[in-house]
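Structural characterization, general
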Amino acid sequence: MTIAALIVAAGRGTRAASANSQPKQYTSIGGKPMLAHSIANLSAHSKISTITVVIHPDDHAPYSNAITSAATDKLTAPVVGGTTRQASVLSGLEAISKSHPGTAHVLIHDAARPFVPHDVVDGVISALDVNEGALPALPLADTLKRTDLDGLITETLPRANLWRAQTPQGFRFAPILTAHREASKHTDKEFTDDAAIAEWAGMNVAISDGSRDNEKITTSEDLSLAKLTTTAEPAFETRIGTGFDVHKFAAGSSVWLCGIEIPHEQRLDGHSDADVGLHALTDAILGAIGDGDIGQHFPPSNPKWKGAASHLFLRDAAQRVTDRQGRIINADITLLCEAPKIGPHREVMQAAVAEILSIEIARIGIKATTTEGLGFTGRREGIAAMASASVLLPVEMTPTHSRNR
Ligand code: MG
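First, a word on scope: everything that follows refers to the structure included in this document.

Side note on the overall build of the chain
For the chain, the helix and strand inventory stands at 13 helices and 19 strands. Taking 405 residues into account, the globule formula puts the C-alpha radius of gyration at 22 Å, and the chain, at 30 Å, lies well above it. Once the C-alpha set of the chain is aligned to its principal axes, its extents read approximately 95 × 55 × 35 Å. Per-residue burial for the chain yields a buried fraction of 48% across its 405 residues. Expressed as a percentage of contacts within the chain between residues at least 6 apart in sequence, the contacts between residues at least 24 apart total 73%. Distance between charge centroids for the chain: 2 Å, based on 37 positive and 45 negative side chains.

Structure representation (C-alpha coordinates):
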(Lines give C-alpha, C1' and ligand atoms only; values in the text may rest on other atoms or scores of the structure.)
Protein backbone atom coordinates (compact mmCIF):
# COMPACT_ATOMS: atom_id res chain seq x y z
CA MET A 1 0.00 0.00 0.00
CA THR A 2 1.39 3.38 -1.00
CA ILE A 3 1.32 6.07 1.65
CA ALA A 4 2.36 9.52 0.50
CA ALA A 5 3.30 12.44 2.72
CA LEU A 6 2.45 15.97 1.64
CA ILE A 7 4.30 18.71 3.51
CA VAL A 8 2.81 22.17 3.27
CA ALA A 9 5.63 24.74 3.29
CA ALA A 10 4.27 27.51 1.07
CA GLY A 11 3.35 29.99 3.82
CA ARG A 12 5.22 33.18 4.52
CA GLY A 13 5.23 32.51 8.29
CA THR A 14 6.08 36.08 9.25
CA ARG A 15 5.08 35.71 12.90
CA ALA A 16 8.10 33.55 13.76
CA ALA A 17 10.48 34.96 11.18
CA SER A 18 10.32 38.67 11.96
CA ALA A 19 13.97 38.74 13.04
CA ASN A 20 15.24 37.55 9.67
CA SER A 21 14.06 37.74 6.11
CA GLN A 22 13.34 34.09 5.39
CA PRO A 23 10.05 32.29 6.10
CA LYS A 24 10.05 30.34 9.35
CA GLN A 25 10.08 26.90 7.68
CA TYR A 26 13.59 27.66 6.40
CA THR A 27 14.89 29.00 9.73
CA SER A 28 17.74 26.94 11.16
CA ILE A 29 17.05 24.79 14.24
CA GLY A 30 20.06 22.87 15.60
CA GLY A 31 22.00 23.41 12.37
CA LYS A 32 19.22 22.36 9.94
CA PRO A 33 16.34 24.29 8.37
CA MET A 34 13.00 23.55 10.09
CA LEU A 35 11.68 22.00 6.85
CA ALA A 36 14.64 19.59 6.73
CA HIS A 37 13.66 18.27 10.19
CA SER A 38 10.05 17.74 9.02
CA ILE A 39 11.22 15.88 5.90
CA ALA A 40 13.73 13.77 7.84
CA ASN A 41 11.21 12.76 10.52
CA LEU A 42 8.57 11.67 8.00
CA SER A 43 11.17 10.04 5.75
CA ALA A 44 12.40 7.95 8.69
CA HIS A 45 8.99 6.25 8.83
CA SER A 46 9.19 3.02 6.83
CA LYS A 47 5.49 3.05 5.85
CA ILE A 48 5.78 6.43 4.10
CA SER A 49 7.02 5.82 0.56
CA THR A 50 6.97 9.27 -1.04
CA ILE A 51 7.24 12.83 0.25
CA THR A 52 6.07 15.85 -1.72
CA VAL A 53 6.66 19.39 -0.47
CA VAL A 54 4.46 22.31 -1.54
CA ILE A 55 6.58 25.47 -1.66
CA HIS A 56 6.06 29.18 -2.33
CA PRO A 57 7.04 30.26 -5.87
CA ASP A 58 9.81 32.47 -4.39
CA ASP A 59 11.35 29.67 -2.32
CA HIS A 60 13.11 27.42 -4.85
CA ALA A 61 16.56 28.46 -3.56
CA PRO A 62 15.94 27.95 0.19
CA TYR A 63 14.10 24.71 -0.62
CA SER A 64 17.11 23.38 -2.55
CA ASN A 65 19.33 24.34 0.37
CA ALA A 66 16.99 22.69 2.90
CA ILE A 67 16.90 19.33 1.14
CA THR A 68 20.70 19.08 1.03
CA SER A 69 20.55 18.45 4.80
CA ALA A 70 17.57 16.07 4.52
CA ALA A 71 18.97 13.52 2.10
CA THR A 72 16.24 11.01 1.21
CA ASP A 73 15.28 9.26 -2.00
CA LYS A 74 11.59 9.50 -1.03
CA LEU A 75 11.34 13.15 -2.12
CA THR A 76 9.50 13.98 -5.32
CA ALA A 77 9.84 17.27 -7.21
CA PRO A 78 8.50 20.22 -5.19
CA VAL A 79 5.06 21.58 -6.09
CA VAL A 80 4.42 25.32 -6.24
CA GLY A 81 1.53 26.23 -3.96
CA GLY A 82 -1.37 28.64 -4.28
CA THR A 83 -2.36 31.82 -2.46
CA THR A 84 -3.98 29.98 0.47
CA ARG A 85 -3.05 26.90 2.44
CA GLN A 86 -6.11 25.15 1.07
CA ALA A 87 -5.11 25.91 -2.54
CA SER A 88 -1.56 24.71 -1.81
CA VAL A 89 -2.81 21.38 -0.44
CA LEU A 90 -5.02 20.88 -3.51
CA SER A 91 -2.02 21.55 -5.80
CA GLY A 92 -0.02 18.98 -3.87
CA LEU A 93 -2.80 16.37 -4.00
CA GLU A 94 -3.23 16.89 -7.77
CA ALA A 95 0.54 16.46 -8.26
CA ILE A 96 0.57 13.21 -6.24
CA SER A 97 -2.44 11.84 -8.16
CA LYS A 98 -0.43 12.35 -11.38
CA SER A 99 3.01 11.20 -10.17
CA HIS A 100 1.79 8.32 -7.94
CA PRO A 101 -1.68 7.26 -9.20
CA GLY A 102 -1.82 4.20 -6.91
CA THR A 103 -1.53 6.20 -3.70
CA ALA A 104 -3.83 4.74 -1.03
CA HIS A 105 -3.35 7.18 1.84
CA VAL A 106 -1.95 10.68 2.13
CA LEU A 107 -0.60 12.30 5.29
CA ILE A 108 -0.86 16.09 5.07
CA HIS A 109 1.67 17.74 7.37
CA ASP A 110 2.63 21.28 8.34
CA ALA A 111 6.34 22.07 7.83
CA ALA A 112 6.10 24.03 11.09
CA ARG A 113 5.79 20.81 13.13
CA PRO A 114 9.40 19.71 12.60
CA PHE A 115 9.65 17.16 15.43
CA VAL A 116 6.67 14.90 14.69
CA PRO A 117 7.34 11.67 16.65
CA HIS A 118 7.36 8.28 14.95
CA ASP A 119 4.49 6.92 17.07
CA VAL A 120 2.25 9.87 16.21
CA VAL A 121 2.63 8.97 12.51
CA ASP A 122 2.01 5.31 13.43
CA GLY A 123 -1.22 6.23 15.22
CA VAL A 124 -2.59 8.16 12.22
CA ILE A 125 -1.75 5.36 9.77
CA SER A 126 -3.34 2.69 12.02
CA ALA A 127 -6.52 4.77 12.41
CA LEU A 128 -6.86 4.88 8.61
CA ASP A 129 -7.46 1.10 8.65
CA VAL A 130 -11.01 1.74 9.84
CA ASN A 131 -11.58 5.45 9.17
CA GLU A 132 -11.48 7.62 6.06
CA GLY A 133 -9.50 10.24 7.94
CA ALA A 134 -7.51 10.56 11.17
CA LEU A 135 -5.64 13.30 12.92
CA PRO A 136 -3.42 13.41 16.00
CA ALA A 137 -4.77 15.62 18.76
CA LEU A 138 -4.23 16.50 22.40
CA PRO A 139 -7.07 16.95 24.88
CA LEU A 140 -7.60 20.56 25.83
CA ALA A 141 -5.94 21.25 29.18
CA ASP A 142 -6.87 24.91 29.66
CA THR A 143 -10.26 26.16 30.71
CA LEU A 144 -12.06 28.01 27.93
CA LYS A 145 -13.65 31.40 28.54
CA ARG A 146 -15.90 33.47 26.32
CA THR A 147 -15.81 37.25 26.74
CA ASP A 148 -17.97 40.15 25.64
CA LEU A 149 -16.69 43.15 23.67
CA ASP A 150 -15.43 44.78 26.91
CA GLY A 151 -13.26 41.75 27.66
CA LEU A 152 -15.49 40.60 30.51
CA ILE A 153 -16.20 36.90 30.88
CA THR A 154 -19.67 35.92 29.89
CA GLU A 155 -19.31 32.16 29.87
CA THR A 156 -17.07 29.28 30.91
CA LEU A 157 -17.21 26.62 28.22
CA PRO A 158 -17.14 22.93 29.10
CA ARG A 159 -13.92 21.46 27.73
CA ALA A 160 -15.05 17.82 27.67
CA ASN A 161 -14.51 16.25 24.23
CA LEU A 162 -12.51 19.26 23.00
CA TRP A 163 -9.21 18.59 21.28
CA ARG A 164 -6.26 20.55 19.88
CA ALA A 165 -5.69 19.28 16.33
CA GLN A 166 -2.17 18.54 15.06
CA THR A 167 -0.74 17.18 11.83
CA PRO A 168 -0.06 14.96 9.93
CA GLN A 169 -3.72 14.60 9.10
CA GLY A 170 -4.15 11.30 7.27
CA PHE A 171 -6.81 10.49 4.70
CA ARG A 172 -7.70 7.87 2.16
CA PHE A 173 -6.41 9.49 -0.98
CA ALA A 174 -9.35 9.36 -3.41
CA PRO A 175 -12.03 10.82 -1.11
CA ILE A 176 -9.80 13.66 0.23
CA LEU A 177 -8.81 14.65 -3.33
CA THR A 178 -12.49 14.74 -4.31
CA ALA A 179 -13.38 16.70 -1.16
CA HIS A 180 -10.63 19.27 -1.81
CA ARG A 181 -11.71 19.69 -5.46
CA GLU A 182 -15.30 20.27 -4.32
CA ALA A 183 -14.26 22.64 -1.52
CA SER A 184 -12.27 24.76 -3.97
CA LYS A 185 -15.55 25.61 -5.70
CA HIS A 186 -17.03 26.98 -2.46
CA THR A 187 -14.96 30.10 -1.95
CA ASP A 188 -17.47 31.40 0.63
CA LYS A 189 -16.54 28.61 3.05
CA GLU A 190 -13.55 28.91 5.37
CA PHE A 191 -11.74 25.68 6.21
CA THR A 192 -8.89 25.96 8.72
CA ASP A 193 -7.51 22.46 8.17
CA ASP A 194 -7.89 19.45 5.90
CA ALA A 195 -9.99 17.57 8.45
CA ALA A 196 -12.55 20.39 8.27
CA ILE A 197 -12.82 19.77 4.50
CA ALA A 198 -13.13 16.03 5.08
CA GLU A 199 -15.87 16.58 7.67
CA TRP A 200 -17.69 18.97 5.32
CA ALA A 201 -17.54 16.28 2.60
CA GLY A 202 -19.06 13.73 4.97
CA MET A 203 -15.92 11.64 5.56
CA ASN A 204 -15.55 10.12 9.00
CA VAL A 205 -12.43 11.44 10.73
CA ALA A 206 -11.04 9.91 13.93
CA ILE A 207 -8.68 11.22 16.60
CA SER A 208 -5.35 9.51 17.32
CA ASP A 209 -2.75 10.32 19.95
CA GLY A 210 -1.00 13.66 19.51
CA SER A 211 2.21 14.68 21.27
CA ARG A 212 3.62 17.71 23.04
CA ASP A 213 6.76 17.21 20.90
CA ASN A 214 4.60 17.85 17.85
CA GLU A 215 3.62 21.43 18.71
CA LYS A 216 3.46 23.91 15.84
CA ILE A 217 6.15 26.56 15.71
CA THR A 218 4.15 29.74 15.16
CA THR A 219 5.76 32.61 17.05
CA SER A 220 9.37 33.70 17.46
CA GLU A 221 8.97 32.53 21.08
CA ASP A 222 8.15 28.98 19.87
CA LEU A 223 11.18 29.18 17.59
CA SER A 224 13.52 30.22 20.41
CA LEU A 225 12.17 27.39 22.55
CA ALA A 226 12.69 24.86 19.74
CA LYS A 227 16.25 26.10 19.24
CA LEU A 228 16.88 25.91 22.97
CA THR A 229 15.62 22.33 23.28
CA THR A 230 17.64 21.19 20.28
CA THR A 231 20.85 22.99 21.31
CA ALA A 232 21.85 20.05 23.48
CA GLU A 233 22.01 17.93 20.35
CA PRO A 234 23.06 20.02 17.36
CA ALA A 235 23.69 18.24 14.10
CA PHE A 236 27.23 16.82 14.14
CA GLU A 237 29.38 15.46 11.38
CA THR A 238 32.38 13.16 11.69
CA ARG A 239 35.72 14.43 10.39
CA ILE A 240 38.88 12.40 9.86
CA GLY A 241 42.44 13.69 9.63
CA THR A 242 45.82 12.06 9.10
CA GLY A 243 49.34 13.09 10.05
CA PHE A 244 52.88 11.92 9.32
CA ASP A 245 56.21 12.91 10.83
CA VAL A 246 59.87 11.86 10.84
CA HIS A 247 62.73 12.77 13.17
CA LYS A 248 66.32 11.58 12.84
CA PHE A 249 68.46 10.14 15.58
CA ALA A 250 71.33 12.10 17.13
CA ALA A 251 73.73 11.41 19.98
CA GLY A 252 71.84 11.17 23.26
CA SER A 253 70.43 8.86 25.93
CA SER A 254 66.63 8.97 25.63
CA VAL A 255 63.78 9.61 23.22
CA TRP A 256 60.42 11.30 23.75
CA LEU A 257 57.66 9.21 22.18
CA CYS A 258 53.91 9.70 22.57
CA GLY A 259 54.30 11.94 25.59
CA ILE A 260 56.78 9.86 27.62
CA GLU A 261 60.58 9.72 27.86
CA ILE A 262 62.15 6.32 27.12
CA PRO A 263 65.83 5.51 27.80
CA HIS A 264 67.62 4.78 24.50
CA GLU A 265 71.17 4.87 23.18
CA GLN A 266 70.24 7.87 21.02
CA ARG A 267 67.86 10.82 21.10
CA LEU A 268 65.58 12.20 18.40
CA ASP A 269 66.81 15.44 16.86
CA GLY A 270 64.48 18.37 16.31
CA HIS A 271 63.67 21.91 17.24
CA SER A 272 61.26 20.85 19.99
CA ASP A 273 61.53 17.65 22.03
CA ALA A 274 61.06 15.84 18.65
CA ASP A 275 58.18 13.64 19.88
CA VAL A 276 57.41 12.24 16.46
CA GLY A 277 54.23 10.46 17.64
CA LEU A 278 52.66 13.59 19.14
CA HIS A 279 53.65 15.63 16.08
CA ALA A 280 51.91 13.22 13.72
CA LEU A 281 48.80 13.19 15.92
CA THR A 282 48.77 17.00 16.20
CA ASP A 283 48.72 17.19 12.40
CA ALA A 284 45.95 14.56 12.22
CA ILE A 285 43.70 16.62 14.51
CA LEU A 286 44.50 19.87 12.71
CA GLY A 287 43.76 18.05 9.44
CA ALA A 288 40.37 16.84 10.69
CA ILE A 289 39.25 20.39 11.43
CA GLY A 290 40.92 21.88 8.35
CA ASP A 291 43.14 24.20 10.38
CA GLY A 292 46.62 24.14 8.83
CA ASP A 293 49.45 22.10 10.30
CA ILE A 294 51.87 22.04 13.23
CA GLY A 295 54.59 23.94 11.34
CA GLN A 296 52.17 26.78 10.62
CA HIS A 297 51.05 27.20 14.23
CA PHE A 298 54.46 26.50 15.84
CA PRO A 299 57.11 27.53 13.26
CA PRO A 300 60.58 26.06 13.97
CA SER A 301 61.91 29.53 13.09
CA ASN A 302 60.40 30.84 16.33
CA PRO A 303 62.93 30.41 19.19
CA LYS A 304 59.98 30.23 21.60
CA TRP A 305 59.43 26.58 20.61
CA LYS A 306 63.09 25.51 20.99
CA GLY A 307 63.12 22.37 23.10
CA ALA A 308 59.40 22.74 23.75
CA ALA A 309 57.46 19.80 25.16
CA SER A 310 55.26 18.51 22.33
CA HIS A 311 52.20 18.04 24.52
CA LEU A 312 51.82 21.83 24.18
CA PHE A 313 51.28 21.42 20.42
CA LEU A 314 48.85 18.55 20.86
CA ARG A 315 46.89 20.34 23.57
CA ASP A 316 46.64 23.40 21.32
CA ALA A 317 45.15 21.27 18.53
CA ALA A 318 42.66 19.74 20.99
CA GLN A 319 41.71 23.24 22.17
CA ARG A 320 41.00 24.24 18.56
CA VAL A 321 38.50 21.35 18.41
CA THR A 322 36.88 22.50 21.67
CA ASP A 323 36.73 26.08 20.38
CA ARG A 324 34.59 24.79 17.50
CA GLN A 325 32.22 23.02 19.98
CA GLY A 326 33.59 19.75 18.61
CA ARG A 327 35.08 16.74 20.33
CA ILE A 328 37.74 14.18 19.51
CA ILE A 329 36.26 10.70 19.06
CA ASN A 330 39.49 8.73 18.81
CA ALA A 331 43.15 8.98 17.90
CA ASP A 332 45.45 6.30 16.52
CA ILE A 333 49.25 6.45 16.25
CA THR A 334 51.58 4.02 14.49
CA LEU A 335 55.33 4.30 15.21
CA LEU A 336 57.79 2.94 12.62
CA CYS A 337 61.15 1.98 14.12
CA GLU A 338 63.47 -0.94 14.86
CA ALA A 339 64.15 0.35 18.38
CA PRO A 340 63.27 1.18 21.08
CA LYS A 341 60.69 -1.55 21.68
CA ILE A 342 57.30 0.12 22.04
CA GLY A 343 55.22 -2.77 23.46
CA PRO A 344 56.38 -2.40 27.09
CA HIS A 345 55.51 1.33 27.03
CA ARG A 346 52.23 1.17 25.14
CA GLU A 347 49.86 1.54 28.11
CA VAL A 348 51.78 4.43 29.63
CA MET A 349 51.79 6.16 26.20
CA GLN A 350 48.04 5.62 25.83
CA ALA A 351 47.46 7.15 29.25
CA ALA A 352 49.73 10.10 28.47
CA VAL A 353 48.02 10.91 25.17
CA ALA A 354 44.57 10.42 26.71
CA GLU A 355 45.45 12.89 29.44
CA ILE A 356 46.74 15.51 26.99
CA LEU A 357 43.55 15.22 24.91
CA SER A 358 41.26 14.86 27.97
CA ILE A 359 39.54 11.78 26.53
CA GLU A 360 39.27 8.17 27.71
CA ILE A 361 42.26 5.84 27.35
CA ALA A 362 40.13 3.40 25.32
CA ARG A 363 39.88 6.08 22.60
CA ILE A 364 43.66 6.10 22.05
CA GLY A 365 45.47 3.56 19.89
CA ILE A 366 49.25 3.18 20.01
CA LYS A 367 50.88 0.67 17.65
CA ALA A 368 54.39 0.05 16.39
CA THR A 369 56.00 -1.80 13.57
CA THR A 370 59.48 -2.30 12.24
CA THR A 371 60.10 -1.88 8.51
CA GLU A 372 61.93 -5.25 8.28
CA GLY A 373 65.28 -3.54 8.22
CA LEU A 374 64.36 -1.59 5.12
CA GLY A 375 64.67 2.14 4.52
CA PHE A 376 65.81 4.85 6.90
CA THR A 377 63.87 3.41 9.83
CA GLY A 378 65.31 -0.03 9.05
CA ARG A 379 68.81 1.46 9.06
CA ARG A 380 68.01 3.00 12.48
CA GLU A 381 68.56 6.51 11.16
CA GLY A 382 65.35 7.84 12.71
CA ILE A 383 61.73 7.17 13.69
CA ALA A 384 58.61 7.81 11.61
CA ALA A 385 55.07 8.11 12.91
CA MET A 386 51.67 8.05 11.26
CA ALA A 387 48.46 9.10 13.00
CA SER A 388 44.79 9.48 12.34
CA ALA A 389 42.12 11.22 14.38
CA SER A 390 38.35 11.49 14.08
CA VAL A 391 36.50 14.50 15.35
CA LEU A 392 32.81 15.35 15.78
CA LEU A 393 32.05 18.90 14.65
CA PRO A 394 28.73 20.75 14.68
CA VAL A 395 27.50 21.04 11.10
CA GLU A 396 26.91 24.78 11.57
CA MET A 397 30.62 25.32 12.08
CA THR A 398 31.54 24.02 8.63
CA PRO A 399 32.57 26.65 6.07
CA THR A 400 30.04 25.53 3.40
CA HIS A 401 27.19 26.10 5.80
CA SER A 402 28.33 29.53 6.93
CA ARG A 403 28.59 30.59 3.29
CA ASN A 404 24.85 30.05 3.01
CA ARG A 405 23.99 32.30 5.92
MG1 MG B 1 58.08 16.87 13.94
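There's more to say after this.
Looking at helix H8 (residues 276-288)
In a regular helix each residue adds 1.5 Å, so 13 residues correspond to 18 Å; H8 covers 19 Å between its end C-alpha atoms and thus fits that length. By the criterion of burial, H8 is predominantly enclosed, with twelve of the 13 residues buried. Turning to H8, its buried residues are Val276, Gly277, Leu278, His279, Ala280, Leu281, Thr282, Asp283, Ala284, Ile285, Leu286 and Ala288. Trailing H8 by a residue or two, Gly290 shows a phi angle of about 65 degrees, which is positive.

Let's talk about the pattern of salt bridges
Applying the stated criterion to the full structure yields 19 salt bridges. A salt bridge links Glu155 to Arg146, with the shortest nitrogen-to-oxygen separation between them at 3.0 Å. Classification of Glu155 as partly exposed rests on a relative accessible area of 36%. The salt bridge involving Arg212 is made with Glu215; its shortest N-O contact spans 3.6 Å. Arg212 gets classed as exposed once you look at its relative accessible area, which sits at 65%. For Glu215, a relative accessible area of 28% gives the class partly exposed.

Overview of the coordination of the magnesium ion
In this structure, Asp245 (OD), His247 (NE2) and His279 (ND1) serve as the protein donors to the magnesium ion, at separations of 2.1 to 2.2 Å. Counting residues between consecutive donors of the magnesium ion along the chain gives the motif D-x1-H-x31-H. Here the residue Asp245 occupies a position in strand S13 (residues 236-251), and His279 occupies one in helix H8, the gap between them amounting to 34 residues. For Asp245, a relative accessible area of 16% puts it in the buried group. Its relative accessible area of 7% is what places His279 among the buried residues.

Things to note about the sheet that holds strand S19 (residues 382-394)
Read from one edge to the other, the open sheet built from five strands follows the order S16-S13-S19-S17-S18, with strand pairing classed as mixed. Because the sheet does not close on itself, it has two edges, and the strands there are strand S16 (266-268) and strand S18 (364-369). Strand after strand, the sheet turns through a mean of 20 degrees between neighbouring axes, direction not considered. Pairing of S13 with S19 involves 13 bridges; the strand directions are antiparallel. Following the sheet pairing, Thr242 is matched in S19 by Ser388. Those strands touched by H8 are S13, S16, strand S17 (327-336) and S19, and its axis lies near 155 degrees from that of S13. Where helix H11 (residues 346-357) meets the sheet, it contacts S17 and S18, and its direction lies at approximately 140 degrees from that of S18.

Focus: helix H5 (residues 173-183)
If you check which residues of H5 are buried, you get Phe173, Ile176, Leu177, Ala179, His180 and Ala183. Taken end-on, H5 shows its buried residues confined to a sector of 160 degrees, consistent with a single buried face. Next to the buried residues of H5 lie helix H3 (85-99), strand S6 (103-110), strand S11 (169-172) and helix H6 (194-200).

Points about the packing of aromatic side chains
For the structure on display, the rule yields four aromatic pairs. Relative to Trp305, the ring of Phe298 lies with its centre 4.7 Å away and its plane at 85 degrees, an arrangement referred to as edge-to-face. Chaining the aromatic ring pairs together yields one cluster made of Phe298, Trp305 and Phe313.

Quick word on the nonpolar core
Side chains that are nonpolar tend, in soluble globular proteins, to be buried together. Grouped together as the largest cluster of nonpolar side chains are 42 residues, with contacts concentrated most on Leu257, Leu281, Ile285, Leu335, Met349, Val353 and Leu357. Going through the elements one at a time, strand S14 (254-257), strand S15 (260-263), H8, helix H10 (311-323), S17, H11, S18 and S19 are the ones with two or more residues in this core. Looking at which element gives the most residues to this core, the answer is H8, with eight residues. In this structure, Leu257 is in contact with Ile262, Leu268, Asp275, Val276, Leu335, Pro340, Ile342, Met349 and Ile383, ignoring residues within four places of it in sequence.

Here is what the cut-offs are and how they apply
Residues numbered from 1 in each chain as written. Predicted model: local features only at pLDDT ≥ 70, side-chain atom pairs only at ≥ 80, totals over all residues. Heavy atoms only, no water. Helix = DSSP H or I, 4+ residues; strand = E, 2+ residues; numbered from the N terminus. Rg over C-alpha atoms; globule rule 2.2 N^0.38 Å. Buried < 20%, exposed > 50% of the residue type's maximum accessible area, 1.4 Å probe, protein only. Contact = heavy atoms within 4.5 Å. Lys, Arg positive; Asp, Glu negative; His and termini not counted. Charge placed at Lys NZ, Arg CZ, Asp CG, Glu CD. Expected span 1.5 Å × (residues − 1). Salt bridge = Lys/Arg side-chain N within 4 Å of Asp/Glu carboxyl O. Donors = N, O, S within 2.8 Å, 3.2 Å for Na, K, Ca; no water. Pairing = 2+ DSSP bridges. Axes fitted to C-alpha atoms, helices over the stretch in contact; angles between N-to-C directions. Arc of directions from axis to C-beta. Phe/Tyr/Trp six-rings, centres within 6.5 Å; stacked < 30°, edge-to-face > 60°. Core = buried A, V, L, I, M, F, W, Y, C linked by side-chain atoms within 4.5 Å.

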